[in-house]
Amino acid sequence: MAVAVCSTRQRLSEVNTNGANSFIEKLLYQIYENFDEQELVDVTFKLSNPTALVTAHRLILSAASPYFKYLFKSERGICPLIEITNIDSDTFERLVVFCYTGKAIITIDNVGLMLKAALILQMEDAITIAVDFLMERITDYKLERAYVLEREIQCALLSEKLLEYEIGNFMSITKGPEFLNFDASKLKTLLERDDLNITSEKDVFETVKLWYEHDASARKQVLPDLVACIRLTQFDTNFLLTRIRPLPGCEVVALKTVTWIDYPMSRSTLSIKYPKPRRGYNLISEESLLAIETCDGQSRTIFQYNKTENLWQKWIDIQIDANDFRVVFMNDNLIFTGGSRCGLQINEVSSWNFKTKIFQMLPAMNQSRDDHCVVSLNDNIYAIGGWASGKGLTSVEMYSVSNGWKEIKNMITPRYNAGAVVLNAKIYVMGGVNKISLKSVECYDPTTNCWTQCADMNEARSGAPGATVRNGQIFVVGGFNGVRCIKTVERYDPQRDVWTKICSLSIGMKFVNCISFDNQLWVIGGYDGRINKNINNDGRECINYISVYDESNDKWLDKKFMPVAGYYYCFSVRKVLLQTE
């Protein structure tokens, strides 16, 4: 007998359901009603504890769970009465209802049973709901119970969520009794995380030491591997030698880290597992804002902002025998490049370490320069443009620990007293002077060693305008347009290659520093302002102005003044760098 086939039948999966909500609602209502009235049911499950019979519709269960779909296709599933022995009747019935409604009654008492059963029945949505319920109530459920459940049922999602919880609550977890019973591999997984939520790296060291001492004889062998996962470069030499070196098996890693800190030139030959600080959850709260005074003279003060009291305090004085230098913060060091001495440009480079508070001379640049730009990218330092021999420079050179300084592709336009930032692994240089004040912008891509022209700014900006990056965009502040100091501010979108003016500052200024700190834009210091002016040693008017940008209302809010008027380099550094033993 021939079978009629309708070649024009549309598959239901191809049907556009837009506008079909009313029909779907009616259909669901009929399905619910059939279940409630036990009409047209075609399968019965027999369960125990307590003994019960649960009826349902094969089609609905198959759609909700691969377990049921494969069961009903198997020889066992043909039987109208199917016995379930590994799930209790109450839990099974709740999950059958879930197949119809997508909802289930979950409590602290039954969440473990519900999760086990959902895993058996391969109900991914029910697993997610149960795990989320448990983690949202982890305080009531108790972490110890969650660990026992995780080991028993081997649920990947629960393991993932517990790891997230451990990362976000590391310090509180280490104070609980279950922490001391962590196996070494679990503790190592946490220590390796870059996003571990900690107050300081010293706290991590103390928790590892506590864990080790709980069973020193059994854990002695794994201790060096765990200690190597701590960000050891965040400690000072004294801490490494007195606290870490004496630990069993840790002498080599401690001495290697001491060498890494004290002798930056040797870093390319050293293997440090984690040389950089963690990102951490508390990055903003753990950062401190520093401002380095650059007025003429050998002694320069570094001021620290006290957020709690909203004031600037002297942190330390450092000695710099140069003027018009540029400085960049990298790997816990301030790197000072170029400048002038007795009116002559110099090519000297030195490094001041926050931990040792000692200067170290680095290889000199190939080109003497002052009023240049300097940025760090991928642990390399770039010295860009500047002034030498009575003219602006196109010269650009890059410093790496392994190769020293080498010249790279020149800029398109000579420029000095420009602004520069790093964004999306590229270097952007804005404005500056080439006989006249410039509004042009250039971008350098290290992967191609090429400079390309970007869209011009709306206004020419020489006089070292302030520049920084925030939320994937570049902000340029103030500067000199060839006639006067300006107060305008522009924002650059690299995706659209467009500059947009935003709210202006209250006064015009040049040689101003702009930095993104504490989730806000800050403008600090400068020259040629109209309030709180002082005359520095070279006769220029300088100001101790500070303003913070309120992005939601597009306005600048003036803050307390700097203790000393002048031009500042500003950096956001981890507070641990400012701590002393």
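Report on the accompanying structure. (Residues numbered from 1 in each chain as written. Predicted model: local features only at pLDDT ≥ 70, side-chain atom pairs only at ≥ 80, totals over all residues. Heavy atoms only, no water.)

1. A look at the overall build of the protein chain
Summing up its helical and strand segments, the protein chain has 16 helices and 34 strands in all. Expected size for 581 residues packed as a compact globule is a radius of gyration near 25 Å; at 33 Å, the protein chain overshoots this value by more than 25%. Along the first, second and third principal axes, the C-alpha set of the protein chain runs to 100 × 70 × 50 Å. Burial analysis of the protein chain (581 residues in total) assigns 50% to the buried set. Contacts spanning at least 24 positions in sequence make up 53% of the contacts within the protein chain whose residues lie at least 6 apart. Here the protein chain displays about 28,200 Å² of accessible surface, and carbon together with sulfur accounts for 50% of that area. (Helix = DSSP H or I, 4+ residues; strand = E, 2+ residues; numbered from the N terminus. Rg over C-alpha atoms; globule rule 2.2 N^0.38 Å. Buried < 20%, exposed > 50% of the residue type's maximum accessible area, 1.4 Å probe, protein only. Contact = heavy atoms within 4.5 Å. Areas by Shrake-Rupley, 256 points an atom, 1.4 Å probe, with all protein chains shown as cover.)

2. Quick word on the sheet that holds strand 27 (residues 489-493)
The strand order across the open sheet formed by 4 strands is 25-26-27-28, and the pairing between neighbours is antiparallel. Looking at which strands have only one partner, the edges of the open sheet turn out to be strand 25 (466-470) and strand 28 (498-502). Each strand of the sheet is rotated relative to its neighbour by a mean of 25 degrees, with strand direction disregarded. Sheet topology places strand 26 (residues 473-477) next to strand 27; 4 bridges connect them, and they run antiparallel. Looking across to strand 27, one finds that Val476 is bridged to Glu490. (Pairing = 2+ DSSP bridges. Axes fitted to C-alpha atoms, helices over the stretch in contact; angles between N-to-C directions.)

3. Some words on helix 9 (residues 156-168)
In this model, helix 9 (13 residues) spans 19 Å end to end at C-alpha, consistent with the 18 Å of a helix rising 1.5 Å per residue. If you check which residues of helix 9 are buried, you get Leu158, Leu162, Glu166, Ile167 and Gly168. Here the buried face of helix 9 lies against helix 5 (111-120), helix 6 (124-136), helix 8 (143-153), helix 10 (170-173) and helix 11 (184-191). (Expected span 1.5 Å × (residues − 1).)

4. What to know about the nonpolar core
Membership of the largest hydrophobic core comes to 83 residues, with the highest contact counts inside it found for Phe45, Phe68, Phe92, Leu158 and Ile244. Broken down by element, the residue count for this core peaks at 7 residues, all from helix 6. Those residues in contact with Phe92 that sit more than four places away from it in its chain are Phe45, Leu47, Val54, Phe68, Ile84, Ile87 and Leu121. Counting residues in each nonpolar core, the second largest holds 24 residues, with Ile292, Trp315, Phe325 and Ala464 among its members. (Core = buried A, V, L, I, M, F, W, Y, C linked by side-chain atoms within 4.5 Å.)

5. Observations regarding the pairing of strand 7 (residues 326-330)
Along strand 7, 4 of the 5 residues are buried, which leaves the element largely enclosed by surrounding structure. In sequence, strand 7 turns back onto strand 8 (residues 333-337) through a hairpin of 2 residues, with Asn331 there showing a positive phi of about 50 degrees.

6. Brief notes about the pattern of salt bridges
Taken as a whole and assessed by the stated rule, the structure comprises 22 salt bridges. Note that Glu166 and Lys186 form a salt bridge whose closest N and O atoms lie 2.7 Å from each other. Residue Glu166 is found in helix 9, and its partner Lys186 is found in helix 11; the two are separated by 20 residues along the sequence. Ionic pairing is found between Glu251 and Arg245, a salt bridge with its closest N-O pair at 3.3 Å. Residues joined in a network through salt bridges with shared partners are Lys188, Glu192, Asp225 and Lys273. (Salt bridge = Lys/Arg side-chain N within 4 Å of Asp/Glu carboxyl O.)

7. Let's talk about the sheet that holds strand 11 (residues 349-353)
Spatially, 7-8-11-12 is the arrangement adopted by the 4 strands of the open sheet, whose pairing is antiparallel. Strands with a single pairing partner mark the edges of an open sheet, and in this sheet they are strand 7 and strand 12 (359-362). Each strand of the sheet is rotated relative to its neighbour by a mean of 25 degrees, with strand direction disregarded. Judged from the 5 bridges that link them, strand 7 and strand 8 form a sheet pairing that is antiparallel.

8. Observations concerning the side chain of Thr233
Relative to the assigned elements, Thr233 resides in the loop between helix 14 (223-227) and helix 15 (237-244). For Thr233, a relative accessible area of 1% gives the class buried. Residues contacting Thr233, with those up to four places away along its chain left out, are Thr257, Trp260, Ile261, Ile272, Tyr274, Pro275, Lys276, Asp332 and Lys355.

9. Brief notes about the packing of helix 9 against helix 11
Packed helices, taken two at a time, are described by the angle between their axes plus the distance between the axes. Across the interface, helix 9 lies against helix 11 with an axial gap of 10 Å and an inter-helix angle of 60 degrees. The angle between the axes of helix 9 and helix 11 places the two elements in the oblique class. Between helix 9 and helix 11 lies a crossing whose hand is right-handed. Every residue of helix 11 that contacts helix 9 at Leu163, Glu166 and Ile167 is listed here: Lys186, Thr189 and Leu190. Each residue belonging to the contact of helix 9 with helix 11 can be placed in one class, and the counts come to 3 nonpolar, 1 polar and 2 charged. (Parallel < 35°, antiparallel > 145°, perpendicular 65-115°, else oblique. Left-handed = near helix turned anticlockwise from the far one by under 90°. Nonpolar A, V, L, I, M, F, W, Y, C, P; charged D, E, K, R; others polar.)

10. A short note on the environment of Gly525
Looking at the element boundaries, Gly525 is found in strand 30 (residues 520-527). Accessibility expressed as a relative area gives 0% for Gly525, which makes it buried. Taking the C-alpha atoms as reference, Gly525 lies 8.6 Å from Phe561; in sequence the two are 36 residues apart.

11. What about the packing of helix 8 against helix 9?
Axis separation between helix 8 and helix 9 bottoms out at 10 Å; the angle between their running directions is 145 degrees. Considering how the two elements wind past one another, helix 8 and helix 9 form a crossing that is left-handed. Seen from helix 8, the contacting residues are Leu143, Ala146, Tyr147, Leu149, Glu150 and Ile153; seen from helix 9, they are Leu158, Ser159, Leu162, Tyr165 and Glu166. Counted by class, the contact of helix 8 with helix 9 contains 8 nonpolar, 1 polar and 2 charged residues.

12. Let's talk about the packing of aromatic side chains
All chains considered together, the criterion is met by 32 aromatic pairs. Between Phe325 and Tyr569, the aromatic rings sit 5.9 Å apart at their centres with planes inclined by 45 degrees, giving tilted as the arrangement. Of this pair, Phe325 sits in the loop between strand 6 (311-319) and strand 7 while Tyr569 sits in strand 34 (residues 568-574), and the two are 244 residues apart along the sequence. Note on Phe325: relative accessible area 3%, which makes it buried. Pairing Tyr567 with Tyr569 gives two aromatic rings, centres 5.2 Å apart and planes at 55 degrees, and the pair type is tilted. These aromatic residues form a ring-pair network of at least three members: Phe325, Phe336, Phe359, Phe511, Tyr567 and Tyr569. Above the plane of the ring of Tyr141 lies Arg145, whose end atom (NZ or CZ) is 3.9 Å from the centre. (Phe/Tyr/Trp six-rings, centres within 6.5 Å; stacked < 30°, edge-to-face > 60°. Lys NZ or Arg CZ within 6 Å of the ring centre and 35° of its normal.)

13. Observations regarding the pairing of strand 29 (residues 513-517)
Of all 5 residues that make up strand 29, 4 are buried, and the element is covered over most of its length. For strand 29 and strand 30, the ladder comprises 5 bridges, and the chain directions are antiparallel. Paired with Asn513 across the strands is Ile524, a residue of strand 30. Taking the residues that link successive antiparallel strands as the turn, the strand 29-strand 30 hairpin has 2 residues, and the phi of Asp518 there is positive, at about 55 degrees.

14. Here we look at the environment of Thr55
Position of Thr55 relative to the elements: it lies in strand 2 (residues 52-56). Residue class for Thr55 comes out buried when judged on its relative accessible area of 18%. Spatially, the C-alpha atom of Thr55 lies 33 Å from that of Arg145, the residues being 90 residues apart in sequence. Leave out the neighbours within four places in its chain, and Thr55 touches Phe35, Gln38, Val41, Val43 and Thr44.

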